[in-house]
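Letter by letter, the chains look like this.
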Amino acid sequence: EVQLVESGGGMVQPGGSLRLSCAASGFTFSAYGMTWVRQAPGKGPEWVSTINFGGGVTYYADSVKGRFTISRDNAKNTLYLQMNSLKPEDTALYYCARVSGGSYYRGFEYDFWGRGTQVTVSS
């Protein structure tokens with residue numbers, strides 16, 4: 001079965017950094033684009049970043065550009081999100097998701113999600 005397992009979340013002070021990981025299994029990881037999505041309490045999901053199957057093309061939400069970096073290691077079936085200069089508004093449950101279609105311009109489509117890892121930015 002397809003499995004996506006996020007890790008690396010935690011509590012950090014404003015301005016701090018965290019590196020999230022998503023371990024994938026049950027499918028050919030290198031054949032799919034991957035996405036990070038986050039959801040704050042009481043709010044809907046917010047798209048954060050997407051990376052194509054080979055890792056050479058990336059997209060970011062305006063709210064995280066210049067602070068977050070998405071990457072992948074296809075040999076390890078792992079997706080990453082390096083988060084720097086964290087702000088309280090980054091507090092959310094972060095999910096990785098497999099891209100099944102769509103585009104940056106129209107919105108990506110997803111078919112599988114992980115259970116999420118919590119990121120809390122607070123002083």
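Below, the structure is looked at part by part. (Residues numbered from 1 in each chain as written. Predicted model: local features only at pLDDT ≥ 70, side-chain atom pairs only at ≥ 80, totals over all residues. Heavy atoms only, no water.)

What follows is about the overall build of the protein chain. Across its full length, the protein chain holds zero helices and 11 strands. The secondary structure elements of the protein chain, listed N-terminal to C-terminal, are β-β-β-β-β-β-β-β-β-β-β. What you see for the protein chain is a C-alpha radius of gyration of 13 Å, in line with the 14 Å of a compact globule of 123 residues. When the backbone C-alpha atoms are referred to their principal axes, the protein chain occupies close to 40 × 30 × 30 Å. Looking at the protein chain residue by residue over its 123 residues, the buried ones come to 39%. (Helix = DSSP H or I, 4+ residues; strand = E, 2+ residues; numbered from the N terminus. Rg over C-alpha atoms; globule rule 2.2 N^0.38 Å. Buried < 20%, exposed > 50% of the residue type's maximum accessible area, 1.4 Å probe, protein only.)

So, about the nonpolar core. In this structure, W36, F68, L79, L81, M83 and Y94 are the most contacted members of the largest nonpolar core, which totals 26 residues. Elements with a minimum of two residues in this core: β3 (18-25), β4 (34-39), β5 (46-51), β7 (68-73), β8 (78-83), β9 (92-103) and β11 (117-121). Examining the composition of this core, we find that four residues originate from one element, β3, more than from any other. (Core = buried A, V, L, I, M, F, W, Y, C linked by side-chain atoms within 4.5 Å.)

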